[in-house]
Amino acid sequence: MAAANRILAGYGVLDAFGHVSARHPDDPGRFLISRSRAPELVTVADLMVLDLDCNPVEGDTRTPYLERFIHGEIYRTRPDVTAIVHSHAPAVIPFAASSVPLRPIYHMAGFLGRGAPVFDIRSRFGPTDLLVRNHDHGRALAEALGESDVALMRGHGYVAVAAGIPMAVYRAIYTQMNADLQQRAIALGGSVTYLVPEESALTVPVQELTIMRPWELWKRKV
Ligand code: MN
């Protein structure tokens, strides 16, 4: 978890804001997440344990992240998910604001072929400060995510989910890279060819097979 925080900061997926969490390995009704702190500074000592109501357990009185409800409600809705990244990475923001959908432009982001739905908090809750501040906001985001690996958040950022911390980190990084590359391809002005769903589906098992290679490298670098 400490490595995941620092890796994501190194790739610009997280800056002073955003967070990564992991379901507790011994209790699926709890999750680990840093106290409210910039991810690049996070160490093991900063990790808190929260229950799915997003309350700190064991009398921990440190300040948790305001948007912890993103994590609690997705863990509640998706038993298959054991790690979540929430990011404001700039390259992704245009696709959350535009009618142009984020689509897989290369094999590294083939997981986007399972969809990258846009969650617009205003459509359900009216004008807000855009933050996922409570259970209702978190539940609405989890509903928008559905069975996808990524959901974009209009005017805000995105979430990437996976079974396992390395894969959640991978998806968060390559969602940002795909968004950057897709904007470049669109800017060239011609027609853009994306992966078809069959190609996307074929890339996902390869990513699962090779995930420990980038993970080893990323950990070494931080
Ligand atoms: Mn946020």
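Just above, that's the structure.
This section reports on the structure supplied with the text. Note on numbering: residues in each chain are counted from 1, in written sequence order. Local features in a predicted model are, by the rule used here, given only for residues with pLDDT of at least 70; side-chain atom pairs are given and counted only at 80 or more, and totals for whole chains, interfaces and linings are based on all residues. For the side-chain quantities, the full set of heavy atoms in the structure was used; hydrogens and water were omitted.

### Considerations on the overall build of the protein chain
So, point 1. Runs of E in the DSSP output that reach at least two residues are strands. Runs of H or I that reach at least four are helices, and both are numbered from the N terminus. Secondary structure summary: the protein chain contains eight helices and seven strands in total.
So, point 2. Every radius of gyration here is taken over C-alpha atoms, with the globule rule written as 2.2 Å times N^0.38, N being the number of residues. Taking 17 Å as the expected radius of gyration for a compact globule of 222 residues, we find that the protein chain reaches 17 Å, a close match to that expectation.
So, point 3. Counting only C-alpha atoms and orienting by the principal axes, one finds that the protein chain spans roughly 60 × 45 × 30 Å.
So, point 4. Put simply, the protein chain has 222 residues, and 50% of those count as buried.
So, point 5. Contacts: residue pairs with any heavy atoms within 4.5 Å of one another. The contacts in the protein chain between residues at least 6 apart in sequence include a share of 67% that link residues at least 24 apart.
So, point 6. Per-residue and other accessible areas were derived by the Shrake-Rupley procedure at a 1.4 Å probe size, with only the shown protein chains allowed to occlude residues. In the form shown here, the protein chain has an accessible surface area of approximately 10300 Å², with 56% of it arising from carbon and sulfur atoms. Partly exposed residues are those whose accessible area sits between 20% and 50% of the maximum for their type, while under 20% is buried and over 50% is exposed, using a 1.4 Å probe and protein chains only.

### Quick word on empty space enclosed by the protein
So, point 1. The rule is simple: put a 1 Å grid over the protein atoms alone, call a set of points where a 1.4 Å probe fits but cannot get out a cavity, call an open set with protein on both sides within 12 Å along at least five of seven lines a pocket, and count a residue as lining if it has an atom within 4 Å of a point. Grid points are joined across faces, edges and corners, and a volume is the space filled by probe spheres set on the points. Evaluated as defined, the whole model comprises one cavity of 30 Å³ or more.
So, point 2. Taken as a whole, the largest cavity holds about 30 Å³ of empty space.
So, point 3. Together, Phe119, Ile121, Leu130, Val132, Met153, Arg154 and His156 line the largest cavity.
So, point 4. Under the convention adopted here, Pro, Cys and the residues Ala, Val, Leu, Ile, Met, Phe, Trp and Tyr are nonpolar, Asp, Glu, Lys and Arg are charged, and Gly plus all remaining residues are polar. For the lining of the largest cavity, the per-class residue count stands at five nonpolar, one polar and one charged.

### As for the pattern of salt bridges
So, point 1. What counts as a salt bridge is simple: a side-chain nitrogen of Lys or Arg found within 4 Å of a carboxyl oxygen of Asp or Glu. According to the stated counting rule, one finds 18 salt bridges in the structure shown.
So, point 2. Between Arg37 and Asp46 there is a salt bridge whose closest N-O contact spans 2.8 Å.
So, point 3. Using a relative accessible area of 28% as the deciding quantity, one classes Arg37 as partly exposed.
So, point 4. When salt bridges with common partners are traced through the structure, they connect Asp53, Glu73, Arg76, Asp136 and Arg139 into a single cluster.

### Here's the deal with the packing of aromatic side chains
So, point 1. Ring pairs shown here join Phe, Tyr and Trp side chains whose ring centres sit within 6.5 Å, with only the six-membered ring taken for Trp; geometry is labelled stacked below 30 degrees between planes, edge-to-face above 60, and tilted in between. According to the stated counting rule, one finds five aromatic pairs in the structure shown.
So, point 2. With a centroid separation of 6.4 Å and an interplanar angle of 55°, the aromatic rings of Tyr106 and Tyr174 are classed as tilted. In this pair, Tyr106 sits in the loop between α3 (93–97) and β5 (118–119) while Tyr174 sits in helix α6 (residues 165–188), placing the two residues 68 residues apart along the sequence. Like Tyr174, Tyr106 is buried.
So, point 3. Consider the rings of Tyr170 and Tyr174, whose centres lie 4.5 Å apart with planes at 40°: the pair is tilted. Taken as a pair, Tyr170 and Tyr174 lie in helix α6 at a separation of four residues, close to a single helical turn.

### Describing unusual backbone geometry
So, point 1. In this model, Glu58 sits at a positive phi of 55°, which is unusual for a non-glycine residue.
So, point 2. Tracing the backbone shows Glu58 in the loop between β3 (47–51) and α2 (69–77).
So, point 3. By relative accessible area, Glu58 is classed as exposed at 68%.
So, point 4. One non-glycine residue, Leu130, lies in the positive phi region at around 80°.
So, point 5. You can see Leu130 is positioned in the loop between α4 (121–125) and α5 (135–145).
So, point 6. Taking relative accessible area as the criterion, Leu130 reaches 22% and is therefore assigned partly exposed.

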